[in-house]
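Listed below are the residues making up each chain.
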2 protein chains.
Amino acid sequence: MMAKESIIQKLKKRGLRITPQRLSIINVLVKKGHLHPGARFIYREAKKEGTRLSLSSVYENIKELCRCGIIKSLEFDGRENRCEGNLEEHVNLICEHCGKIIDYEVPVSLDQREVAKRTGFMITNNRLEYYGYCAECTKGKGWLLSGRKLHSTPL
Amino acid sequence: MMAKESIIQKLKKRGLRITPQRLSIINVLVKKGHLHPGARFIYREAKKEGTRLSLSSVYENIKELCRCGIIKSLEFDGRENRCEGNLEEHVNLICEHCGKIIDYEVPVSLDQREVAKRTGFMITNNRLEYYGYCAECTKGKGWLLSGRKLHSTPL
DNA sequence: TGTCTAATATGGAATGATTCCGAATAAGAT
DNA sequence: ATCTTATTCGGAATCATTCCATATTAGACA
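Residues numbered from 1 in each chain as written. Chains lettered and ligands numbered in written order. Predicted model: local features only at pLDDT ≥ 70, side-chain atom pairs only at ≥ 80, totals over all residues.

Engineer: What is the right way to read the confidence of the model for chain A from this model?
Structural biologist: One rule of thumb: low pLDDT means the predicted coordinates there are not for detailed reading. All names here are of chain A. Scored by pLDDT, chain A has a mean of 81; 78% of the residues are at 70 or more. Confidence scores differ between elements of chain A, with helix 6 (residues 142-146) showing the lowest mean pLDDT of 49 and helix 2 (residues 20-32) the highest of 98. Across residues 145-154 the pLDDT falls below 50, and counting only partners more than four positions away or on other chains, this stretch makes twelve contacts in the model. (pLDDT = per-residue confidence, 0-100. Helix = DSSP H or I, 4+ residues; strand = E, 2+ residues; numbered from the N terminus. Contact = placed C-beta atoms within 7 Å.)

Have a look at this one:
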C-alpha cells in the first residue's frame, strides 16, 4: 500500500480535496490495507476516528481512489467487494473458510504445489483473468480515446 | 464443455432427475457454452425450445451444475455472473468493451506481451486468484470434512 | 479574514442480480 | 398405477452498490 503522504499528493495533483472523511478512509487503508478491507469495515474503522461519515461516502471514495490508481477493487458476487492496495503483480490467496485474502508475491511460478509448500494454503479453485480489450474492439478505436468503457453487446 | 451425454450420466449418477427444464438448460450450455452465458441468456435461449421455464429454475440449475463440477460460475460484481464450461486450467480474457470472455489456453506463459501477440487482446488489468483454505483454517479440520464453507470472520 | 464555487458528503430511495419461500408439479423407482 | 421426493414456480426478500437532490465545505483568491 502506498504511503499516506504519497496518496494525499496524488489526490491534490488531481485537484481533489482533502476532506476529513477522505482522510479517515485513507488512514484505514494505510493501517489496515493488508486485510483487504471491504466498504463496511472501512466505514466502521474510519468512524472510530470520530469523523462524521456516511456509507455512501465510503463507496464514493473507494471509486475515486480506484480511478486515481491508488487501490484496486476486488469484486465478488454475494460477498462484499474488497480493496487491494498492493498494485504489484501477485496472486491473491482467498480463504473460503474465513474470507481472508493473502497476497502471494510470486508471479514467477503459478505452480499450485509450489504455492502450497510455501504458504500452507490449500488450493481448491482458481481464477485467472486478464481484463482489457479484445481484437475486434480495438479495431475502431474512437471510443477508446474517450476513456469510456462501453458494453456494446451485453450478451 | 463436457458432452451432453456425459453431463446427463453424471447427473443421473447423483440421483438427480432429468427434467425438460434441466435438459433445455444443458442444451444451451452445450451449444453456446463458449459464449460463457449468464443466467438471463440461458433463460432466453432455453425457452426458445418451447419448454416452460422460470428464471429461478435457471439459477437453481446453475448452482446444481456447479456442485456437480460440470460448470464453474464466474462471479462479477455489477454485471451478471457467467458460466464457464471449460474446466481446464486457462486464463479468461475479458473484454471491458463488449463483455466478451475468451478462453486462453496457455497456463505455461502468463506473459502479457505474449498474450497480446497471440490474440490481439490488449491487457489493461488482471485478476489472479487462488481459492482454497489458508494454513490456519486447515489446522482444526473438523468443519472441512463436513464440506461446508464457513466464513467465520467475515471482516 | 471573508467570499465564492465547485467538489464532496449525506441519507434515503432505487437498482438489479440472486436467493428464499411455500405451494404445486412431476420424474422415475417400485 | 402409485408414491416419494426432487424439482419447478413466481413472487417476495435480500443485500451490496448506485443514484439523486440537497446541504455542506475545502481551498482558491481577493
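More follows now that the structure is in view.
Engineer: In this structure, what is going on with the protein's contact with DNA strand D? I would like to understand it.
Structural biologist: Taken together, 25 residues are adjacent to DNA strand D, and I18 and N81 of chain A together with L16, Q21 and S57 of chain B come closest. Residue assignment for the surface near DNA strand D shows that the elements contributing at least two residues are helix 4 (55-67) of chain A together with helix 2 (20-32) and helix 4 (55-67) of chain B. At four residues, the largest contribution of residues to the surface near DNA strand D is made by helix 4 of chain B. When grouped by side-chain class, the residues that make up the surface near DNA strand D number six nonpolar, eleven polar and eight charged. (Near = placed C-beta within 6 Å. Nonpolar A, V, L, I, M, F, W, Y, C, P; charged D, E, K, R; others polar.)

Engineer: Is there a simple way to explain the protein's contact with DNA strand C in this structure?
Structural biologist: Near DNA strand C lie 25 residues; those nearest to it are L16, Q21, S54 and S57 of chain A together with N81 of chain B. Elements with a contribution of two residues or more to the surface near DNA strand C: helix 2 and helix 4 of chain A together with helix 4 of chain B. When residues in the surface near DNA strand C are grouped by element, the largest group, four residues, is from helix 4 of chain A. Per-class residue counts for the surface near DNA strand C are six nonpolar, eleven polar and eight charged.

Engineer: Is there a simple way to explain the environment of E129 of chain A in this structure?
Structural biologist: As for its placement among the helices and strands, E129 of chain A is situated in strand 5 (residues 122-133). Exposure remark for E129 of chain A: the 17 C-beta atoms within 10 Å place this residue in the partly exposed category. Beyond its immediate sequence surroundings of up to four residues, E129 of chain A is in contact with V91, N92, I94, N126 and R127 of chain B. (Buried ≥ 20, exposed ≤ 12 C-beta atoms within 10 Å, placed from the backbone.)

Engineer: What should I look at first to understand the packing of helix 2 of chain A against helix 3 (residues 39-47) of chain A in this one?
Structural biologist: Pairs of packed helices are described in terms of their axes, by the angle between the two and the distance that separates them. Residue and element names in this part refer to chain A. The geometry of helix 2 relative to helix 3 is characterised by a closest axis approach of 9 Å and an angle of 110° between their N-to-C directions. Here helix 2 lies roughly perpendicular to helix 3, going by the angle between them. In this structure, helix 2 uses S24, I25, V28 and K32 to contact helix 3, whose residues at the interface are I42, E45 and A46. (Axes fitted to C-alpha atoms, helices over the stretch in contact; angles between N-to-C directions. Parallel < 35°, antiparallel > 145°, perpendicular 65-115°, else oblique.)

Engineer: So what exactly am I meant to see when it comes to the packing of helix 3 of chain A against helix 4 of chain A here?
Structural biologist: All names here are of chain A. At a minimum axis distance of 9 Å, the contact between helix 3 and helix 4 shows a crossing angle of 115°. Seen along the crossing, helix 3 lies across helix 4 with a hand that is right-handed. Taken together, the residues of helix 4 that come into contact with helix 3 (itself represented by A39, I42 and Y43) are L55, V58, Y59 and I62. Among the residues forming the contact of helix 3 with helix 4, the class breakdown is seven nonpolar, no polar and no charged. (Left-handed = near helix turned anticlockwise from the far one by under 90°.)

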